[in-house]
Protein chains: 2
Amino acid sequence: MSKPSQTESQATPANGAAGTVKRKRTFAIGELAEMFEVTPRTIRFYEQEGLLSPERQGQRRIYHDKDRVRLKLTLRGKRLGFTLAEIREVVELYDAMPGGNTRQLHRMLEILAEKRADMEQRLEDIRLMQHELDDVETRCRAVLERLEP
Amino acid sequence: MSKPSQTESQATPANGAAGTVKRKRTFAIGELAEMFEVTPRTIRFYEQEGLLSPERQGQRRIYHDKDRVRLKLTLRGKRLGFTLAEIREVVELYDAMPGGNTRQLHRMLEILAEKRADMEQRLEDIRLMQHELDDVETRCRAVLERLEP
DNA sequence: GTTATGCTTGACGTTAACGTAAAGGGAATA
DNA sequence: TATTCCCTTTACGTTAACGTCAAGCATAAC
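Residues numbered from 1 in each chain as written. Chains lettered and ligands numbered in written order. Predicted model: local features only at pLDDT ≥ 70, side-chain atom pairs only at ≥ 80, totals over all residues. Heavy atoms only, no water.

1. What to know about the overall build of chain A
When you go through chain A residue by residue, the secondary structure sums to 5 helices and 2 strands. By the burial criterion, 38% of the 149 residues in chain A qualify as buried. Put simply, of all contacts in chain A between residues at least 6 apart along the chain, 54% involve residues at least 24 apart. On chain A, roughly 8900 Å² of surface is accessible, and the fraction owed to carbon and sulfur atoms is 52%. (Helix = DSSP H or I, 4+ residues; strand = E, 2+ residues; numbered from the N terminus. Buried < 20%, exposed > 50% of the residue type's maximum accessible area, 1.4 Å probe, protein only. Contact = heavy atoms within 4.5 Å. Areas by Shrake-Rupley, 256 points an atom, 1.4 Å probe, with all protein chains shown as cover.)

In structure tokens, the structure reads:
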């Protein structure tokens, strides 16, 4: 595939040594980028699209663990073929949840149902694809068997 | 989603009535397009990209059942997030299979293994996503419970 | 001090996968 | 015969999701 279908490659934790107070770990954009094997540009782009809103210290962006999690979810959504707009829609509603009005909550349930149906369709597609892979491989090996003793 | 995640909506079989010889059914581009809920443009584009090679009668494209199947597989591949280039790579090798040399066959097995790994990653992503959906829905309903008696 | 590293904000470029409009052919139907 | 469909090719337009400079700031290392 063209997409980096990895999960998250833990970078070396620069702070938070054993025996120390579990200080809130933060990340620079480059660290986060390396973690997930994306470019800083990608992360800035996601921010511009309303998917992330990191803290600032002066100019610099400071990412907390919640940002890291959100990035992870975003990338997972991408691997599943969701557009950034779709992901943002969920994210925004999710942020508005505590204290969200009833209408928003119901809208959220609607979206959840849609996504769920989507996942089911994807599962079915994957199952079918796997069967085809099995099929092709079987035939492939059969031909090879006749060519190589 | 933006994508038409449907399977195939059987169009009315214009020929092949009961009791008739199972005449090879063919399709015009418009019929095929309607079947899969895509535009003719999309189908022509796939041909241009080497994914389809329909028969011609004069100018007109005539699609046989094998073309229909190939289109179906292509669209499934798309729903799974494969690029047209990736799909074509498999399709081309698949066409070259009977009579294909050993090297090609082994290359095919390689690709199959890759795709298989990809499917596994996708399954994992879907499982994780489903859990998150469950999670969010639970919390969503909890909040609603406190708002609506 | 200066060199290097890593960050910042523009801003224009690129690719995939089509969309859309123009101009025309041919057969069937009114 | 004229109109209506459905098809054809050509060609330029569009959108999403970044890539790729360029120019500049700040801090850490030498």
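2. Points about the interface of chain B and chain A
Every contact between the two is made by 48 residues of chain B and, on the other side, 48 residues of chain A. Across the chain B/chain A interface, buried area totals approximately 4700 Å², and carbon plus sulfur atoms make up 63% of it. The tally of links from chain B across to chain A stands at 8 salt bridges. Note that D134 of chain A is salt-bridged to R116 of chain B, the shortest N-O span being 2.7 Å. Counting across the chain B and chain A interface gives 16 residue pairs in polar contact (both at pLDDT 80 or more). Counting only elements with at least two residues in the side of chain B that touches chain A, the list comes to helix 3 (65-79), helix 4 (84-95) and helix 5 (102-147) of chain B. Sort the elements by how many residues they give to the side of chain B that touches chain A and helix 5 of chain B lands first, with 30 residues. Residues of the side of chain B that touches chain A, tallied by class, amount to 21 nonpolar, 11 polar and 16 charged. (Buried area = accessible area lost by both parts, 1.4 Å probe. Salt bridge = Lys/Arg side-chain N within 4 Å of Asp/Glu carboxyl O. Polar contact = N/O pair within 3.5 Å; in protein donor to acceptor, adjacent residues only side chain to side chain. Nonpolar A, V, L, I, M, F, W, Y, C, P; charged D, E, K, R; others polar.)

3. Quick word on the environment of G81 of chain A
All names here are of chain A. Note on placement: G81 falls in the loop between helix 3 (65-79) and helix 4 (84-95). According to the relative accessible area criterion, G81 is buried, its value standing at 11%. Distance from G81 to R122, taken between C-alpha atoms, is 9.9 Å for residues 41 residues apart in sequence.

4. Notes on the protein's contact with DNA strand D
Close contacts around DNA strand D come from 16 residues, with T39 and Y46 of chain A together with G30, R60 and R61 of chain B the closest. In DNA strand D, the atoms that sit within 4 Å of the protein are 73% sugar and phosphate, with bases accounting for the remainder. Interatomic distance of 3.1 Å between a backbone N/O atom of L84 of chain A and a phosphate oxygen of DNA strand D. Mapped by element, the contributors of at least two residues to the surface near DNA strand D are helix 2 (40-48) of chain A together with helix 1 (29-36) and strand 2 (60-62) of chain B. A total of 4 residues in the surface near DNA strand D trace back to one element, the largest contributor, which is helix 2 of chain A. (Near = heavy atom within 4 Å.)

5. A short note on the protein's contact with DNA strand C
Taken together, 17 residues form the shell around DNA strand C, and within it R56, R60 and R61 of chain A together with T39 and Y46 of chain B come nearest. When the atoms of DNA strand C within 4 Å of the protein are sorted by group, sugar and phosphate make up 69%. For the surface near DNA strand C, the secondary structure elements donating two or more residues are helix 1 (29-36) and strand 2 (60-62) of chain A together with helix 2 (40-48) of chain B. With 4 residues, helix 2 of chain B is the largest single contributor of residues to the surface near DNA strand C. Considered class by class, the residues forming the surface near DNA strand C number 5 nonpolar, 5 polar and 7 charged.

6. Quick look at helix 2 of chain B
All names here are of chain B. Within the sequence span of helix 2, burial applies to I43, Y46 and E47. Along the long axis of helix 2, the arc covered by the buried residues comes to 105°, so they all point the same way. Where helix 2 is buried, its residues meet helix 1, strand 1 (55-57), strand 2, helix 3 and helix 4. (Arc of directions from axis to C-beta.)

None of the figures reported here should be taken as evidence of function without further support.
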